[in-house]
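What follows is the residue order along each chain.
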Amino acid sequence: MPITAKQKGRATQQRRKQPPADEEVWKAAFKRLDKRGRGAIAIGDLGEALRRAKFVLSEEEVQDYAKDADPDASGTVELPNFLTVAARAKAETLSPEQWAQALDEAFLTFDKVEAGRLKAEDLQGWLTQLGEPLEAKEVAQMLRGLVDENGMVVYQDLVKRLAKL
Amino acid sequence: MGCGPSSSADDDSEQQQQPLQKQQKDDGKKHGKQKRSKSPQTGGKDVTDASVEALSIKSALLIQKWYRRYKARLEARRRTTWMIYQSIEYSSEASQLHLLQTESSPQQPQQQHLSPAGSGDPANNRFAERLRQKSLEEEDQELLELTSYEGIQVEKSYRGPHLSFPLSASHVQVLIDSFRQGTQLHSRYLLQLLHEARLLLKTKPNVYQASTSISRQVTVVGDLHGKLDDLLVIFYKNGLPDVTNPYVFNGDFVDRGANSVETAALLFACCLLVWPSAVFINRGNHEDHLMNCRYGFIKEVQAKYKTPANKIVRLFGDTFSWLPLATNIDDKILVTHGGISDKVDMERVQKLDRHQYLSALKPPVSDNENAKVDYKEWRQVLDLLWSDPKPQAGCAPNTFRGGGCYFGPNITEAFLRKHKFSLLVRSHECKPDGWEFCHGGAVLTLFSASNYYEDGSNKGAYAKFDAEGKPHIVQYMASKARKLPVGRRLSTVEEGALKDLRAKVIASKTELTAAFQRFDPDKTGSIRLADWCEAMEQTLRLGLPWRTLRPHLAQLAKDGRLLYMTSFDCVSIQTKLGASAGKEVAGSLTEAVYKNKEELETIFRIMDKDNSGQISLDEFQESCRVLTQATGRQMTEAEVGDMARSMDLNSDGYIDFNEFLEAFRIIDTRKRQEDAAGAQGGSSG
């Protein structure tokens, strides 16, 4: 979906109104991936950069942003474009409460009896097969320490862990 | 013995260790346009299968998105922690080198302060003399006398491993088993071992020639730093060395870790002696008497061996200087500890006399007045053992470390082309995954000491090269920290790094306070965040992301300005030394000594001629005088005298400086306050 001039203007306005703190976090995330100090990162690193800047995005959303981040399709994203994209992502992001609720809902979808627990095995199955699949290794890392002796996970704990950073 | 799950990674390409974009496996799962702003839908009760499936997918997607962000944030935090440790480590190395260079010889190529110390002052002359080299015959003779094992008896009560020469493979197994149980090798056997190893090393050229023609493979191991656990993990996973399984050990197997003696003994002497054509040990910057003074190897030897410690230290020092500088595999791969520079020339390296560099940090100064120091030659050794690669082109002096160069991709390319190599393998830098390619795959860094900074800080890795020179990298982590979930493991490492950082802050309290106050002429007690960052960097010169670290180091006022004195709140230096000097003076003196603790220790050890762990009061005062000159920090005679007397607990004129070093400790003020509050039972401010 191409970004309209109006949206871009709004994003820039949003950016200007930001308290400096946000932009610092974005710049820091960008700089860490800009290993050569050239003021640009590889397009393949866009997702990583945005996530380090605390955005929650799916791969598809990243791809969408990628088009704006690299308008001349040079394979690299310069800092100003990155900041614009970050500002837009911020404008479209949910508040922490909304996120917490959304995550809860997501787990409830799988927890038909609303027991507050899910079987770790099942969870692994869903997350490695549906949507944008994770690797089994990643799910194991995500659940480490949260699985009780019956193989169940209290997913509230998982929500807390994921939302902490 | 922990041997962790290993994940092997074949990677010929450059730095990409981030997860790449994942393609969606099944396009059929994409349902039209995905809404970007997600208002949670609660329609989970729909009848049709299709929409239930759609909902499951959406939910899974949400959880996955969150996980990906969590993972990226963890990585960001890890890198920050990393930078703290690394910068503290390197700045400590740099100050070490600075100290040695200003103190000893009259002139060097890389120094910045010409000190008149060489002339006249008796304290410095004695210091300089201790570092001077002697002629080869003199030295060999003297060495053989000083480090003889003949007179040492092995007691009947000795329960450790027994060795007989020539060694065989079964001895190696005996050593491994004994070391694993924590028993120590008798000093007589250790000395004998070292003598044999030294004789063998003397016959080796400066650059080993290794070949995969028989074995069809070779394994390269990086820094071990006295971590016996890691070495045993490697032998467990990869097998002991023999003609079909050759090994290259790329230096730095002593210092810092708790088992440097055992690691060196195992590697050094046994493998070298039992399989001499299959084990290649390169010299690292820590195989160096002067480095060992500071970084723990000598301390370990003294603690473990007491009386014969002196002999052992001397012999190790000499043996290290006979270690070759690099290994050439199949004329295709060069393995050396640090790296290269624009001046390194392999032909030159082949021809030089490596033994005269007892310490790579000092050029050899002979008694013969007319002999000149060959700086160009010294440079070769220094660059090979101390350099680091950098992403920008060119070659610059490595000011961070204080020795060697930073070399860029163009330097690597020219070097490889000139000598017809296809890969440079080096170590010297700790990497979170234990390995890293750079310069477009032309340089491979291998670091084999896992948990180097802290439990859980990094993995170790080694590489197996096949006959075509293609590497297969194996990672491992030898510790209990593996069982913690990643987030918690990171917090432990982070806390450790922050503690070290706070210690540094406290040690520079006087300077920092002055720097802060420069930004606060009206003495309001607060300054801008940006000013605080600048002051921190100017004073400490660690190159860290101060803004990001601020929440862990200092508090903000309600108006967003920074209350700079809160930077010192978390810790304070506690000392057992007498409070006789009065509070104010004691404060800055304590700081001065704490900050220079490492320098003091180094000087002490150099002055402690018989490696006994004790020096006389006079020698101590001399050391402090030398330190004052080196660092420009003033300590009055009275202060020095005070300190000396308060440490000489039994008033016999000698100071046990191991005790002195323990006399300074950093305590966590916050914790103390909490404990105190808790003890009082009620709520207190």
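Rules and cut-offs
Each chain carries its own residue numbering, running from 1 in the written order of its sequence. In the order they appear in the text, chains get letters beginning with A and ligands get numbers beginning with 1. Restriction of local features to residues with pLDDT of at least 70 applies here, the model being predicted, together with a cutoff of 80 or more for giving and counting side-chain atom pairs; totals for whole chains, interfaces and linings are based on all residues. No hydrogens and no water enter the side-chain calculation; it runs on all heavy atoms of the structure. Partly exposed residues are those whose accessible area sits between 20% and 50% of the maximum for their type, while under 20% is buried and over 50% is exposed, using a 1.4 Å probe and protein chains only. By definition, any uninterrupted DSSP run of H or I lasting at least four residues is a helix, any uninterrupted run of E lasting at least two residues is a strand, and each is numbered from the N terminus. The rule for pairing is simple: two strands pair if DSSP sees at least two bridges between them. Only the six-membered ring of Trp is used, alongside the rings of Phe and Tyr, when aromatic pairs are assigned; centres must lie within 6.5 Å, and planes under 30 degrees apart are stacked while those over 60 apart are edge-to-face, with the rest tilted.

K.L.:
Just give me the short version of the pairing of strand β14 (residues 460-466) of chain B, but keep the residues and values in it.
P.N.:
All names here are of chain B. Burial analysis of β14 places 5 of its 7 residues in the buried class, the great majority of the element. The sheet contact formed by strand β3 (residues 217-221) and β14 spans 5 bridges and is antiparallel. Bridge assignment links Gln217 to a residue of β14, and that residue is Asp466. Alignment of β14 against strand β15 (residues 471-476), held across 6 bridges, turns out to be antiparallel. Across the sheet, the residue bridging to Ala463 is Ile473, located in β15. Between β14 and the antiparallel strand that follows it, β15, lie 4 residues; Gly469 among them carries a positive phi value of about 90°.

K.L.:
Describe the pairing of strand β11 (residues 423-426) of chain B, with residues and values.
P.N.:
Residue and element names in this part refer to chain B. Neither face of β11 is exposed, since Leu423 and Val425 on one face and Leu424 and Arg426 on the opposite face are all buried. Bridge analysis of strand β7 (residues 333-336) against β11 gives 3 bridges, and the strand direction is parallel. From the neighbouring strand, Ile333 faces β11, where its bridge partner is Leu423. Two strands pair when backbone bridges link them, and β11 and strand β13 (residues 443-446) are joined in this way by 3 bridges, in the parallel orientation. Its bridge partner lying in β13, Val425 is registered against Leu444.

K.L.:
Outline the packing of aromatic side chains, supporting the account with residue identities and numerical values.
P.N.:
Taken as a whole and judged by the stated rule, the model has 21 aromatic pairs over all chains. Aromatic pair A:Phe110 and A:Trp126: ring centres 4.3 Å apart, planes at 15°, arrangement stacked. Separated by 16 residues along the polypeptide, A:Phe110 in helix α6 (residues 96-110) and A:Trp126 in helix α7 (residues 120-129) bring together distant segments of the chain. Judged by centre distance (6.1 Å) and plane angle (40°), the rings of B:Phe297 and B:Phe320 are tilted.

K.L.:
Tell me what's going on with unusual backbone geometry, and back it up with residues and numbers.
P.N.:
Residues and elements named next belong to chain B. Omega for the bond connecting Phe165 with Pro166 falls within 30 degrees of zero, at 0°, which places this linkage in the cis form. By the element assignment, Pro166 lies in the loop between α3 (136-146) and α4 (169-181). At Lys306, a residue that is not glycine, the phi angle is positive and equals roughly 45°. The topology assignment puts Lys306 in the loop between α9 (297-305) and α10 (309-321). With a phi close to 55°, His439 is a non-glycine residue in the positive phi region.

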